[in-house]
Amino acid sequence: LMYVSCAIRMTVYGFTIGFRNFKDYSKRSLWLPEFMLKLIFMWPAQDAKYRKVSFTASILCVLFVQWGLLSYSYRYFRDYNQTIISVTVLSPLIQTLFKISMLRYHSVSLQNMIEDIGSKFWPCDFFPEDNKRFRTRYRSGLLAMIVLAMSALIFTLGHSLLPLLTPNRQLPYRSLYPFDCLMSPFYEVIYILHCFVCNYLANLSILGYDFVIISICNNLVTQYTLLKKCFMAYGDIEKVKKYNEKFNQLSISPNLNKNKQDENKLFLVRLVKHHQLLNRTAKSTENVVYIIGALQLCTSITGICLSGFMSTRGDVGVMEVIAMGIFLIGHLIQLFMYCAVGNELFHESSSLTDNIFASKWYEIEDNRLKRDIIIAMKNAQVPAKITAGKVFPLDYSTCIEVLRLTFSFYTLLSSLIDK
């Protein structure tokens, strides 16, 4: 019924997925997070009134579910099986609470970044020979998003339907309230609320936030790739003239007076302005991500460790093993996607200086332009990156360290439980 209500809501409000119509493969990657966040009225470009109402209702629902779950965990903390399962399912609720809060708090920054991507970023087919590579990257990223979404959907559906197969009344989240929550009509109302939070709110808010950040980073990676190839042509007058003509045909190109400056200077001004735009977008992305990045590492360590521990115990049922296995796969994909885009963003932006130096700047006769290219190289030495708490960069090395730390906690927990 919840997913049918999603379709009804789409029909009634008639919202459109704007990024679905883009021919640019990098920009088109934003259509999936746009679709998800619009379903819960948290897309940054939507009406602020709807976002405020949806945010308030979502926070109250999540806090109510967390209250019951924490009360139950406190009452039965000596039963390690129930405690570990409670902490494991608490991880998505914490992510929902923080990520939907960040969507609300950073709505203006996200809206500005999304508008810049749609109107000011260069098209990925600026170099036609690279368009196939960008298309492959778009399809691979979309496939990873769909796999993560399907694993989350399967886990939440199983988590919601499993209590119906038990002989006694149970809730999807083991909860304890001041009233008897297993008595009608409280049981039915709370069960529906748990299913709403688990299947609808948590999935759309967590995945919507993750996908919008990953898509923004992918667009930045594409732009840095295009910018590097443009800088490589600097000094080659034939290529510079060709690229200037292509920029003149783009509505996103800066409005520069071509009559008062030569081709190389015009070209350099355009590249520097675009580099400044990318730096602003990268810094805004870092400001949006660094708190959630720290939370993501903590929840990944907790989720991977506990789900891996529960799925390898001999005293756990088959259904719980399957559920924990799916939960483990989802956490691994989520961690890898953040670290992968962070690593790509750092790599593409940090190599920009080498591409500038490898250009034919030495063939330019104007010494002022040679000094300008030195300043551009100096500014390009600060790479773009996303971090966890502005301490740990989200890259492949951090991903490996997280997995090592998770395995250490796993062995420690196993030895403690065995004792």
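Residues numbered from 1 in each chain as written. Predicted model: local features only at pLDDT ≥ 70, side-chain atom pairs only at ≥ 80, totals over all residues. Heavy atoms only, no water.

**Quick look at the overall build of the protein**
Right, on to step 1. Helix and strand content of the protein: 14 helices and two strands.
Right, on to step 2. Here the protein, with 419 residues, has 51% of them falling under the buried criterion.
Right, on to step 3. Carbon together with sulfur atoms contributes 62% to the accessible area of the protein, which is approximately 20,400 Å² in total.
Right, on to step 4. Of the charged side chains in the protein, 44 are positive and 30 negative; the average position of the first set lies 3 Å away from that of the second. (Helix = DSSP H or I, 4+ residues; strand = E, 2+ residues; numbered from the N terminus. Buried < 20%, exposed > 50% of the residue type's maximum accessible area, 1.4 Å probe, protein only. Areas by Shrake-Rupley, 256 points an atom, 1.4 Å probe, with all protein chains shown as cover. Lys, Arg positive; Asp, Glu negative; His and termini not counted. Charge placed at Lys NZ, Arg CZ, Asp CG, Glu CD.)

**Remarks on the pattern of salt bridges**
Right, on to step 1. The tally for this structure, following the rule as stated, stands at 10 salt bridges.
Right, on to step 2. Across the salt bridge formed by Lys 99 and Asp 210, the nearest N and O atoms sit 2.6 Å from each other. Within this pair, whereas Lys 99 is found in helix H5 (residues 80-105), its partner Asp 210 is found in helix H8 (residues 186-232), the two being separated by 111 residues in sequence.
Right, on to step 3. Salt bridges here are not isolated pairs; linked through shared partners, they connect Glu 129, Asp 130 and Lys 229. (Salt bridge = Lys/Arg side-chain N within 4 Å of Asp/Glu carboxyl O.)

**Observations regarding a nonpolar patch on the surface**
Right, on to step 1. Residues Leu 405, Phe 409, Leu 412 and Leu 416 make up a contiguous nonpolar surface patch of about 360 Å² in total accessible area.
Right, on to step 2. Residue placement: Leu 405 occurs in helix H14 (residues 396-418).
Right, on to step 3. You can call Leu 405 partly exposed: its relative accessible area is 37%. (Patch = residues over 30% accessible without salt bridge, like charges linked within 9 Å, V, L, I, M, F, W, Y side chains within 5 Å.)

**Here we look at unusual backbone geometry**
In most cases, non-glycine residues show a negative phi, while peptide bonds are predominantly trans.
Right, on to step 1. Backbone torsion omega between Ser 184 and Pro 185 reads 0°, so that peptide bond is classified as cis.
Right, on to step 2. Residue position: Pro 185 is located in the loop between helix H7 (131-161) and H8.
Right, on to step 3. A positive phi is found at Phe 41, a non-glycine position, where the angle reads about 60°.
Right, on to step 4. You can see Phe 41 is positioned in the loop between helix H3 (31-39) and helix H4 (48-75).
Right, on to step 5. Phi is positive for Lys 390, close to 60°, though the residue is something other than glycine.
Right, on to step 6. Considering the arrangement of structural elements, one finds Lys 390 in the loop between strand S1 (387-388) and strand S2 (392-393).

**What to know about the UniProt feature "transmembrane region" (unreviewed entry) in the protein**
Right, on to step 1. According to UniProt, the positions carrying the feature "transmembrane region" (unreviewed entry) are residues 53-74, 80-98, 142-162, 182-202, 288-309 and 321-341.
Right, on to step 2. Helix makes up 95% of residues 142-162 and strand 0%. Its end C-alpha atoms lie 30 Å apart. (UniProt positions renumbered as here; feature names shortened; annotations may be inferred.)

**Here's the deal with the packing of H8 against helix H10 (residues 263-311)**
Right, on to step 1. Between H8 and H10, the shortest axis-to-axis distance is 10 Å and the interhelical angle comes to 155°. In terms of orientation, H8 lies roughly antiparallel with respect to H10. In this structure, H8 meets H10 at a crossing whose hand is left-handed.
Right, on to step 2. When the residues that make up the contact of H8 with H10 are grouped by side-chain class, the tally is 17 nonpolar, seven polar and one charged. (Axes fitted to C-alpha atoms, helices over the stretch in contact; angles between N-to-C directions. Parallel < 35°, antiparallel > 145°, perpendicular 65-115°, else oblique. Left-handed = near helix turned anticlockwise from the far one by under 90°. Nonpolar A, V, L, I, M, F, W, Y, C, P; charged D, E, K, R; others polar.)

**Points about the environment of Thr 96**
Right, on to step 1. Here Thr 96 lies in helix H5.
Right, on to step 2. The exposure class of Thr 96 is buried, given its relative accessible area of 0%.
Right, on to step 3. Between the alpha carbons of Thr 96 and Phe 22 there is a distance of 29 Å; along the sequence they are 74 residues apart.
Right, on to step 4. Filtering out sequence-adjacent residues up to four positions away, Thr 96 remains in contact with Val 62, Leu 201, Ala 202, Ser 205 and Ile 206. (Contact = heavy atoms within 4.5 Å.)

**A look at the packing of H8 against helix H11 (residues 318-350)**
Right, on to step 1. Packing of H8 against H11 brings their axes to within 9 Å, and their N-to-C directions diverge by 20°. Accordingly, the angle class assigned to the pair H8 and H11 is roughly parallel. By crossing handedness, the relation of H8 to H11 is classed as left-handed.
Right, on to step 2. Within the contact of H8 with H11, the residues separate by chemical class into 13 nonpolar, four polar and four charged.

**A short note on helix H13 (residues 367-380)**
Right, on to step 1. Look at H13: 20 Å from first C-alpha to last across 14 residues, which is about the 20 Å you get at 1.5 Å a residue.
Right, on to step 2. Turning to H13, its buried residues number three or more, namely Leu 369, Ile 373, Ala 376, Met 377 and Ala 380. Down the axis of H13, the sector holding all buried residues measures 100°, keeping them to one side. Structural note: H13 exposes Arg 368, Ile 374, Ile 375 and Lys 378 on the side pointing more than 90 degrees away from its buried face.
Right, on to step 3. Where H13 starts, the residue carrying a side-chain oxygen 3.0 Å from the main-chain nitrogen of Arg 368 turns out to be Asp 366. (Expected span 1.5 Å × (residues − 1). Arc of directions from axis to C-beta. Polar contact = N/O pair within 3.5 Å; in protein donor to acceptor, adjacent residues only side chain to side chain.)

**Description of the packing of aromatic side chains**
Right, on to step 1. Throughout the structure, instances matching the rule amount to 23 aromatic pairs.
Right, on to step 2. Both rings, one in Phe 127 and one in Tyr 243, keep their centres 5.3 Å apart while their planes meet at 90°; by these two values the pair is edge-to-face. Of this pair, Phe 127 sits in the loop between helix H6 (107-119) and H7 while Tyr 243 sits in helix H9 (residues 237-249), and the two are 116 residues apart along the sequence.
Right, on to step 3. Judged by its relative accessible area of 2%, Phe 127 is buried.
Right, on to step 4. Taking relative accessible area as the criterion, Tyr 243 reaches 10% and is therefore assigned buried.
Right, on to step 5. Considering the side-chain rings of Phe 309 and Tyr 410, the 6.4 Å spacing of their centres and the 70° angle between planes classify their relative orientation as edge-to-face. (Phe/Tyr/Trp six-rings, centres within 6.5 Å; stacked < 30°, edge-to-face > 60°.)

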